[in-house]
Amino acid sequence: AVPPATDLVLGATAGCLACFITNPLEVVKTRLQLQGELQAPGTYPRPYRGVLRAALAVCRADGLWGLQKGLAAGLLYQALMNGVRFGCYSQADDAGWTRYPGGTVVVGAVAGALGAVVGSPAYLVKTHLQAQTISAMAVGHQHNHESISSAFKSIYQQHGVVGLWRGVTGAVARVTVGSAVQLATFASAKEWVWETQWFRRGSWAGVLAAGMVSSVVVAVAMTPFDVISTRLYNQPVNADGTGKLYRGFVDCIVQISNKEGLLGLYKGIGAVYFRLGPHTVLSLFFWDKLRNM
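Just so it is clear, the model here is predicted, and its values are computed rather than measured.

## Brief notes about the overall build of the protein
- Check the secondary structure of the protein and you find 9 helices and 0 strands.
- Counting from the amino terminus, helix and strand elements in the protein follow one another as α-α-α-α-α-α-α-α-α.
- Its C-alpha atoms give the protein a radius of gyration of 19 Å, within 12% of the compact-globule value 19 Å for 293 residues.
- Taking the principal axes of the C-alpha coordinates as reference, the protein spans close to 50 × 40 × 35 Å.
- Scored against the burial criterion, the 293 residues of the protein give a buried share of 54%.
- Sequence-distant contacts, at least 24 apart, represent 78% of the contacts inside the protein between residues at least 6 apart.
- Of the roughly 12,800 Å² of accessible surface on the protein, 67% is carried by carbon and sulfur atoms.
- Looking at the protein, you have 24 positive and 14 negative side-chain charges, and the mean spots of the two groups are 6 Å apart.

Next comes the structure, spelled out in structure tokens:
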């Protein structure tokens, strides 16, 4: 068994390594999910169309480095969230809790929820920074923070500690579902790949294949919660800290469904997969290999 403190560090390291590579897709995903907010399909301009064209649009508006907007906040979020998530999961696995029926799903969900709560302030700031761009290409509310530190300071000064956890309900649902599906499907896919002898047990290729299978399921299950989370985090707020667009998690679902249609909950699913695919593979691969070391 890996010591708890070591496992937390390994989980954080794995998440950060994956984040550094996939952050450009996170920027694209955020812009696509905010585009046409609470507007009927076909009634709004679309500066971002598809993953590749959206990435090029970001480069034109913000320069090549624009694809790494919010990177520092993203790394902080991954360190906090995945450190807690992978750390809790691995300790529960070592204790034998995942061997009970449904244990993998339950443990993955609980570990994900804990990680989401701890990392929520960093995700809030990351979303604000990634949405910021020139007025001609702006989608969603523009918070206009100058840096990660000024963003934390501004939010704290205006709304206190509670303001840093605004939108956490969407984040908990997002990561709970995503973590439960990801960890459960990864574990099952890894055993299946090895049992069918596609790859040698313990090989890096088997781990990567399992991660790719897992990422497909995660993208389908997680996208609606990802859209809701992005909207709740990025919406403008009143002086008392309440949202101007959405009253909460359920209200966000209802408004998106009524005004944008059910497909509005799947905005940016292509970017979600292209981001989740590599991120799932890389984070699980790094975590698995670091633990074995």
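Having seen the model, we can carry on.
## A short note on a positive patch on the surface
- On the surface, a cluster of positive charge is made up of R46, R49, R53 and R60.
- Note that R46 resides in the loop between α1 (4-34) and α2 (51-62).

## Points about the side chain of Q68
- Structurally, Q68 is set in the loop between α2 and α3 (71-94).
- The contact partners of Q68, leaving out residues within four places of it in the chain, are F20, N23 and P24.

## Re the nonpolar core
- Grouped together as the largest cluster of nonpolar side chains are 17 residues, with contacts concentrated most on F86, Y89, L183, F186, V207, L284 and W287.
- Those elements that place two or more of their residues in this core are α3, α4 (103-131), α6 (168-195), α7 (204-234) and α9 (269-292).
- No other element matches the 5 residues that α6 contributes to this core.

## Some words on α3
- If you check α3, its first and last C-alpha atoms are 33 Å apart, about what 24 residues at 1.5 Å a residue would give, namely 34 Å.
- A positive backbone phi angle near 90° is found at G96, which sits one or two residues after α3.

## Side note on the UniProt feature "transmembrane region" (unreviewed entry) in the protein
- As annotated in UniProt, the feature "transmembrane region" (unreviewed entry) corresponds to residues 204-225 and 268-287 in the numbering used here.
- Overall, residues 204-225 shows 100% helix and 0% strand. The separation of its end C-alpha atoms is 31 Å.

## Quick word on the UniProt feature "repeat: Solcar" (unreviewed entry) in the protein
- Annotation from UniProt places "repeat: Solcar" (unreviewed entry) at residues 2-95, 99-192 and 202-293.
- The distance from the first to the last C-alpha atom of residues 2-95 is 12 Å, and the span holds 71% helix and 0% strand.
- As annotated, residues 99-192 comprises 76% helix and 0% strand, and the C-alpha atoms at either end are separated by 16 Å.

## Some words on unusual backbone geometry
- Residues other than glycine seldom take positive phi values, yet L38 does so here, at roughly 55°.
- If you trace the backbone, L38 turns up in the loop between α1 and α2.
- The phi angle at N144 is positive, at roughly 55°, despite the residue not being glycine.
- For N144, the position within the fold is in the loop between α4 and α5 (148-164).

## Some remarks on α5
- Over its 17 residues, α5 extends only 13 Å from the first C-alpha to the last, a length that falls short of the 24 Å expected when each residue adds 1.5 Å.
- Helix geometry: α5 is bent most strongly at Q158, by close to 105°.
- Listed as buried for α5 are A151, I155, H159, G163 and L164.
- Elements that come into contact with the buried residues of α5 comprise α4.

## As for the environment of S147
- Residue position: S147 is located in the loop between α4 and α5.
- Counting along the chain gives 110 residues from S147 to S257, while the straight-line C-alpha distance between them is 34 Å.

## Here's the deal with a nonpolar patch on the surface
- A cluster of nonpolar side chains, V117, Y156, V161 and W165, forms an exposed patch at the surface whose accessible area comes to about 370 Å².
- As for its position among the elements, V117 is in helix α4.

Here is what the cut-offs are and how they apply
Think of each chain on its own: its residues are numbered from 1, step by step along the sequence as written. Given that the model is predicted, a residue must reach a pLDDT of at least 70 before its local features are reported, and side-chain atom pairs must reach 80 or more before they are shown or counted; all residues, however, enter totals for whole chains, interfaces and linings. Note: side-chain values were computed over all heavy atoms of the structure, leaving out hydrogens and water. A run of DSSP states H or I qualifies as a helix once it reaches four residues; a run of E qualifies as a strand once it reaches two. Both are numbered from the N-terminal end. To get the radius of gyration, use the C-alpha atoms; to get the globule rule, take the number of residues to the power 0.38 and multiply by 2.2 Å. Only protein chains enter the area calculation, which uses a 1.4 Å probe; residues under 20% of their type maximum are buried, those over 50% are exposed, and those in between are partly exposed. Here, residues are in contact when the closest pair of their heavy atoms is within 4.5 Å. Where accessible areas are quoted, they stem from the Shrake-Rupley method and a 1.4 Å probe; at the residue level, only the protein chains shown are allowed to cover. By the counting rule applied here, Lys and Arg register as positive and Asp and Glu as negative, while His and the ends of each chain are not counted. For the purpose of locating charges, the reference atoms are NZ of Lys, CZ of Arg, CG of Asp and CD of Glu. Exposure above 30% relative accessible area and the lack of any salt bridge qualify a residue for a patch; like charges then connect within 9 Å, and the nonpolar side chains Val, Leu, Ile, Met, Phe, Trp and Tyr within 5 Å. We count a salt bridge whenever a side-chain nitrogen from Lys or Arg sits within 4 Å of a carboxyl oxygen from Asp or Glu. Each nonpolar core is a collection of buried residues, namely Ala, Val, Leu, Ile, Met, Phe, Trp, Tyr and Cys, held together in the definition by side-chain atoms within 4.5 Å. Expected helix span is given by 1.5 Å per residue-to-residue step, counting one fewer step than there are residues. UniProt positions are given in the numbering used here, feature names are shortened, and annotations may be inferred rather than shown by experiment. Bend angle per residue: angle between axes fitted to the 7 residues ending at that residue and the 7 residues starting there.

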